Amino acid sequence: SQTIHQWPATLVQPVGSPLSLECTVEGTSNPNLYWYRQAAGRGLQLLFYSVGIGQISSEVPQNLSASRPQDRQFILSSKKLLLSDSGFYLCAWSIGQVVSYEQYFGPGTRLTVT
Amino acid sequence: ILNVEQSPQSLHVQEGDSTNFTCSFPSSNFYALHWYRWETAKSPEALFVMTLNGDEKKKGRISATLNTKEGYSYLYIKGSQPEDSATYLCASAGDSGAGSYQLTFGKGTKLSVIP
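Since this is a predicted model, take the numbers as computed values, not measurements. (Residues numbered from 1 in each chain as written. Chains lettered and ligands numbered in written order. Predicted model: local features only at pLDDT ≥ 70, side-chain atom pairs only at ≥ 80, totals over all residues. Heavy atoms only, no water.)

Quick look at the overall build of chain B
Logical step 1: Assigned secondary structure in chain B consists of zero helices and eleven strands.
Logical step 2: When its helices and strands are written in sequence order, chain B yields β-β-β-β-β-β-β-β-β-β-β.
Logical step 3: Its C-alpha radius of gyration of 14 Å places chain B within 12% of the 13 Å reference for a compact globule of 115 residues.
Logical step 4: In terms of its C-alpha atoms, chain B occupies a principal-axis envelope of roughly 45 × 30 × 20 Å.
Logical step 5: Counting the 115 residues in chain B, one finds 50% classified as buried. (Helix = DSSP H or I, 4+ residues; strand = E, 2+ residues; numbered from the N terminus. Rg over C-alpha atoms; globule rule 2.2 N^0.38 Å. Buried < 20%, exposed > 50% of the residue type's maximum accessible area, 1.4 Å probe, protein only.)

As structure tokens, this is what we get:
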């Protein structure tokens, strides 16, 4: 069966510090991978998605970046965090590129930038 | 960018009551409509994915309908139970143009079922 892991679960970082959140998927090959963020009072916002190793698409301009160094690994990074980066970050995966396929979400990371 | 709206924002019902919420989405270039349940301290979990106008899906006491021509979907919960308390998210799928699709989520309807 497929599982998705995210870490850390919670993180408190000062403004201007770097960020690295990691997501790994087990039990499937060549998944589509996604990073979402839920900021306070807002819905889930797609940040990045990837259809393959090294292929990253960004949905919103920001000081965040994503990388996919391996097939089942997706990393979200920042060189300098802003207060507005606080939120709940979710990684998700889906099979292939069919719109009727559901997405499977990880446990999430609660990031607080102070 | 799609604009997906959900109403109401929150809802309190008594145990045993039936309830429903609405998701509205742009009807043009429609691909699919997803419903997820997001319980506190857990990950969002898929409930339904619907693609055809008039689709109806059911899972236990929860069902959903889809009207792609007018751009709305209803989620119904029959005989609400405390374990139904969660935030219910809908998302409309759009073509990213890069060989994948992406979901645009509404802000969700937070349901609280009072025992």
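Structural notes on the sheet that holds strand β1 (residues 5-7) of chain B
All names here are of chain B.
Logical step 1: Pairing within the open sheet is antiparallel, and its five strands lie in the order β1-β3-β8-β7-β6. Strands at the two margins of the open sheet, each flanked by one partner only, are β1 and β6 (56-59). Each strand axis lies, on average, 15° off the axis of its neighbour in the sheet, ignoring direction.
Logical step 2: Pairing analysis gives six bridges linking strand β7 (residues 62-67) to strand β8 (residues 72-77), with the strands arranged antiparallel. Bridge pairing links Asn 67 to Tyr 72 in β8. (Pairing = 2+ DSSP bridges. Axes fitted to C-alpha atoms, helices over the stretch in contact; angles between N-to-C directions.)

Nothing here speaks to function; it is geometry throughout.
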